Amino acid sequence: MKEIMAVIRMNMVNQTKKALSDNGVDAFFAREATGRGKGLVSRDILEGAEKGHEEAVALLGDKGRLYPKRVLTVVVPDEQVDTVVKTIMKVNITGKPGDGKIFVMPVLDSVRVRTGESGNASIA
C-alpha cells in the first residue's frame, strides 16, 4: 500500500475529485492548507523579513505570501499508484509555478475499524 499526498490549487479540487472517481478511486481525504514553493526567494531575504527588517519585506513583496492550497491524501494498493499519480498530474498541470507537488509514501498497514479488516482489504 502507498499513501499519495497531493498539494494542488484550490480551484482544481472538483476536477481532480471527478478524475479520481472516474479512475476507480472514490476514497480520499482533503484538507485546506496554505503554503508556497521555494520559487526564486533568497533565504537571507526570508530570514530578514521574518525578523521584521523593512528592506527585506520590501524586496520580498508578494513572493513571501502563503497561498491557499488543498492537500489530497489517497491510500491505494501498490498497483494503483501510477494511475492515481498520472490522473492527478493530468488534471493539475498548467506548466506554471504553483501546479503543486505529489508525494508517494509507503504504508505499513491499515485497519478498518468497523470490521477489523487489515491490509488491502481495509482500503478496498
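Keep in mind it's a predicted model, so treat the numbers as computed, not measured.

What counts, and where the lines are drawn
Residues numbered from 1 in each chain as written. Predicted model: local features only at pLDDT ≥ 70, side-chain atom pairs only at ≥ 80, totals over all residues. Heavy atoms only, no water. Helix = DSSP H or I, 4+ residues; strand = E, 2+ residues; numbered from the N terminus. Buried < 20%, exposed > 50% of the residue type's maximum accessible area, 1.4 Å probe, protein only. Contact = heavy atoms within 4.5 Å. Areas by Shrake-Rupley, 256 points an atom, 1.4 Å probe, with all protein chains shown as cover. Polar contact = N/O pair within 3.5 Å; in protein donor to acceptor, adjacent residues only side chain to side chain. Pairing = 2+ DSSP bridges. Axes fitted to C-alpha atoms, helices over the stretch in contact; angles between N-to-C directions. Core = buried A, V, L, I, M, F, W, Y, C linked by side-chain atoms within 4.5 Å. Left-handed = near helix turned anticlockwise from the far one by under 90°. Arc of directions from axis to C-beta.

J.: What's the story with the overall build of the protein in this structure? I'm lost.
T.: Counting secondary structure elements, the protein contains four helices and four strands. When the elements of the protein are put in sequence order from the N terminus, they spell out β-α-β-α-α-β-α-β. Expressed as a percentage of the 124 residues in the protein, the buried residues total 31%. For the protein, restricting intrachain contacts to residue pairs at least 6 apart in sequence, the fraction spanning at least 24 positions comes to 78%. As displayed, the protein offers around 8600 Å² of accessible surface, 55% of which is attributable to carbon and sulfur atoms.

J.: Just checking my understanding: could you explain the side chain of threonine 87 for this structure?
T.: Within the secondary structure, threonine 87 sits in helix α4 (residues 81–92). Threonine 87 sits in the buried class, given a relative accessible area of 10%. Setting aside residues no more than four positions away along its own chain, threonine 87 makes contact with Ala19, Leu20 and Asn23.

J.: Is there a simple way to think about the side chain of aspartate 99 in this case?
T.: Relative to the helices and strands, aspartate 99 resides in the loop between α4 and β4 (101–106). There is a polar contact of 3.0 Å between the side chain of aspartate 99 and the side chain of arginine 9. Within polar-contact distance, the side chain of aspartate 99 engages the backbone nitrogen of glycine 95 at 2.8 Å. Among residues more than four places away in sequence, those in contact with aspartate 99 are Val7, Ile8, Arg9, Asn92, Ile93 and Thr94.

J.: Explain the sheet that holds strand β2 (residues 29–35) here, please?
T.: Within a sheet, adjacent strands bond to each other through the backbone by hydrogen bonds, running parallel or antiparallel. Taken in spatial order, the four strands of this open sheet run β2-β3-β1-β4, and their pairing is antiparallel. This sheet does not close on itself; its edge strands, each paired only once, are β2 and β4. The average undirected angle you get between the axes of adjacent strands in this sheet is 25°. Direction of pairing for strand β1 (residues 2–9) relative to β4: antiparallel, over a ladder of six bridges. Within the sheet, the bridge partner assigned to lysine 2 lies in β4 and is proline 106. Contacting β1, β3 (67–76) and β4, α4 runs over the sheet at an angle of about 0° to β1.

J.: What is the right way to read the nonpolar core from this model?
T.: Across soluble globular proteins, nonpolar side chains show a tendency to be buried alongside one another. In terms of nonpolar packing, the biggest core is built from 13 residues, with Ile4, Ile8, Leu20, Val76, Val84 and Ile88 touching the most fellow members. Residue assignment for this core shows that the elements contributing at least two residues are β1, α1 (13–22), β3 and α4. Counting residues per element, this core draws most heavily on α4, at four residues. Not counting the four nearest positions on each side in its chain, valine 76 is found in contact with Met1, Lys2, Ile4, Val81, Val84 and Ile123.

J.: Even after reading the chapter, I still don't get the packing of α1 against α4, so can you show me in this structure?
T.: Helix-helix packing: each pair is described by the crossing angle between the helix axes and the interaxial distance. As a packed pair, α1 and α4 sit with axes 9 Å apart at the nearest point and diverge in direction by 145°. As α1 runs across α4, the sense of the crossing is right-handed. Along its contact with α1, which presents Gln15, Thr16, Ala19 and Leu20, the element α4 presents Val84, Thr87, Ile88, Val91 and Asn92.

J.: Just to check I follow, could you spell out α1 for this structure?
T.: It helps to recall that an α-helix has 3.6 residues per turn; residues three or four apart then point in one direction. Residues Val13, Thr16, Ala19 and Leu20 constitute the buried set of α1. Buried positions in α1, seen along its axis, are confined to an arc of 130° and lie on one side of it. Opposite the packed face of α1, turned more than 90 degrees from it, sit the exposed residues Asn14, Lys18 and Asp22. Taken together, the buried residues of α1 touch β1, β3 and α4. Looking one or two residues beyond α1, the residue adopting positive phi is glycine 24, at roughly 85°.

Scope: geometric values only; no functional claims are made or implied.
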